[in-house]
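# Overview (structure and organization)
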Amino acid sequence: MLFNLPLRTAPRRVLRSAALALCLTALFLPDPGNSAEAQLSAPGASEELTERLQAASSVLAAGPQIDAQELLAAALSDYRTLVQVLYDAGHFAPEVNILLDGREAARIQPLNAPRQIKRVQIAVVPGPSFRFSRAEVTPWPRASDVTLPEGYAAGQPATTGTLRDAGAAGLLAWRRAGHPKVRMGQQTITADHRSNTLDARLTMAPGAQLRFGELRLVTPSAVRADAILKIAGLPSGEIYHPDLLAKSASRLRRTGAFSSVTLRAAEQANPDGTLDYVATVEDMPPRRLTFGAEYGSSDGLEITATWMHRNLFGGAEKLRFEARLSGLGGSSDIDGRIALRLDRPATLGPDDNMFYLLEAERLDEEHYTATQGIAGIGVRRVYSDRLFGEAGIWGNSILAQDAFGKRRFKYIAGFLRAEYDRRNSRADATKGYFLNARLLPFLGLDGTDDGLQIKLDGRIYHGLGSGDRLVLAARAQLGSVIGPSLSNTSPTLLFFSGGAGSVRGHEYQSLGIPVGNNSAGGRGYLALSGELRGRVTDKLSLVGFYDIGFVDSDAFVSSSSESHSGAGLGLRYDVAGIGPLRVDFAYPVDGGTDDGLQFYIGIGQAF
């Protein structure tokens, strides 16, 4: 941007000459230590503006033993820096004086630079605040969904930040109208010091509307070039739009096969009105091994391990192997699970992944035991970075024993799942919300009843105070089995309450439906949790929580449902790159249990 603005500071020619001479004489002059007292005064400036000036000053940031030559160089750079801060705040007629032991820094002869500097005085007179007398961006595309900043209008405070935002809005508007080669044209910005106004006219040079051309890979990769082009799905022939380009890059990143992805436009458009793009990718290591652990005083120790291959057949296919052991040292026997899942990207389209899964699981819970095997196939569609859905079909065979005896269940089940994540952080959210919905319609075989299982999980977060030092978090979990009777439903489809994932302070899956001297899972389930999280330091937080759970023999809970609740306190210690380490201490509030104090250790927030 070109500013036609008078600046009442030292002449620029003097500044350039002084800076050049300083560089030359620094080679020959000695380098004695210097302990200078520095202060900045800005009469007439607001407290916020004064703080911004102080934070921007290189002189004030200098160490106590900086030498005189370096201090003089810092003072010279401060002229421009401080003026820019004042321009950003809408003061276009400032005065800046920097005195080194009473001498203006810009007028000190470099060849006669002082050997020592004892005192630095920075005096800033901001001058009047300017307002826009005119604020234009021309031309502007028709029917654009981009709007100019509210502050970019006649009569509004004039700042360079608003000017930059207006220019960026103009470029974005033309890009979204299909002009990828738009650039900033002539800019006329004139300050009138008699009326303290700024006349701003920004001119766009949009260039031609273009369509997407071809995508070319220019870097070597273990992923095949044809697979990369297929996954990216650049919409060749369609009118350019920056969202479509970003979507192609996101598809490549989403595979997990690449550590970096860049799609860059060719320098020149093609004669047919298309614009080619060049893809630059960098591969991730093909294999990854991870471990996890969580411990509860009644649940025992749970250990998980995951091995993953990111590019199994050269087309960014992801093979994931999971193993879990839980109940180690707990009140129940040891459970185990192994699972294998293969994802093939862009199988049905650039946003659709086909996946195949195999699972074998042994469950030895307090109220039932079950051994089951699952084999299935499905499709995952990603609608955006925040929304995805899955659908598929699987076969399931279960041998279970519970309060109703030992039985075998066989199902052919369809599954539908959707997840929408608006949290600002997956590991430690302070605002936003999260929704997960699962539907499992199942067809029983060999005398097994048909039905439908529903699972819903909703979470919401709201930050309070400066920097979200207090966070209110709430969670609701709903489950229902519609169709079969309680005794003719596999216990793996029923619901229990209690433990780290539902009601803390009670043993894992301790609440069910009384059946004789035993308990069975319920067809209806509801768990509600609330937390108040307070940050004590940048790393340490305290948490207070209350959980309540309901289980019913019917498909939906009611006021007469079996219930229990728990409350407690927790500690969180944030570890960079991992998330908060979690320790919760919970005590049963209601529910007829003698378990006493329970504690839980894990990684990440409870929800």
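Refer to the structure above for everything that follows.
Overview of the structure. The residue numbering used here restarts from 1 in each chain and proceeds along that chain's sequence as written. Residue-level local features of this predicted model are given only where pLDDT is at least 70; pairs of side-chain atoms are given and counted only at 80 or more, and the full residue set underlies all totals for whole chains, interfaces and linings. Note that the side-chain values use all heavy atoms of the structure and ignore hydrogens as well as water.

## Regarding the nonpolar core
Note the cut-off: Residues grouped as a nonpolar core are buried Ala, Val, Leu, Ile, Met, Phe, Trp, Tyr and Cys residues, joined through side-chain atoms within 4.5 Å. Note on classification: 1.4 Å probe, protein chains only; a residue is buried when its accessible area is under 20% of the maximum for its type, exposed when over 50%, partly exposed between these limits. A run of H or I in DSSP becomes a helix once it reaches four residues, and a run of E becomes a strand once it reaches two; helices and strands are each numbered from the N terminus. Any pair of residues with heavy atoms lying within 4.5 Å of one another is described as a contacting pair.
In this structure, Leu 53, Ile 98, Leu 100 and Tyr 152 are the most contacted members of the largest nonpolar core, which totals 49 residues. Those elements giving two or more residues to this core turn out to be helix H2 (47-56), helix H4 (68-88), strand S3 (95-100), strand S5 (119-125), strand S6 (131-138), helix H5 (160-176), strand S7 (183-192) and strand S8 (197-205). With 12 residues, the top contributor of residues to this core is H4. Leave out the neighbours within four places in its chain, and Ile 98 touches Ala 75, Asp 78, Tyr 79, Arg 103, Glu 104, Ala 105, Val 120, Gln 121 and Ile 122.

## Comments concerning the sheet that holds strand S9 (residues 211-217)
Convention followed: Only strands that DSSP links by at least two bridges are regarded as paired with each other. For every element, the axis is a line fit to its C-alpha atoms; helices are fit only across the contacting stretch, and the angle between N-to-C directions ranges from 0 to 180 degrees.
Across the sheet, which stays open at both edges, the three strands sit in the order S9-S11-S10 with mixed pairing between neighbours. Each edge of the sheet is formed by a strand with only one pairing partner; in this case those strands are S9 and strand S10 (258-265). Each strand axis lies, on average, 25 degrees off the axis of its neighbour in the sheet, ignoring direction. Sheet topology note: the S9/strand S11 (residues 274-283) ladder contains five bridges and is parallel. If you follow Arg 216 over to S11, its bridge partner there is Val 278. Contacting S9, S10 and S11, helix H6 (residues 225-232) crosses the sheet at an angle of about 150 degrees to S9. Contacting S9, S10 and S11, helix H7 (residues 242-254) crosses the sheet at an angle of about 155 degrees to S10.

## Regarding the pairing of strand S28 (residues 579-590)
Where a strand is regular, its side chains alternate between the two sheet faces. Summarising the sheet, strand S27 (residues 562-575) and S28 pair through 11 bridges and their orientation is antiparallel. Considered in S28, the bridge of Gly 570 is made with Asp 584. Count of turn residues in the S27/S28 antiparallel hairpin: three residues, of which Gly 577 carries a positive phi of about 85 degrees. Of the strand pairs in this sheet, S28 and strand S29 (residues 598-603) are connected by six bridges, and their pairing is antiparallel. Bridging from a neighbouring strand, Asp 584 pairs with Tyr 600 of S29.

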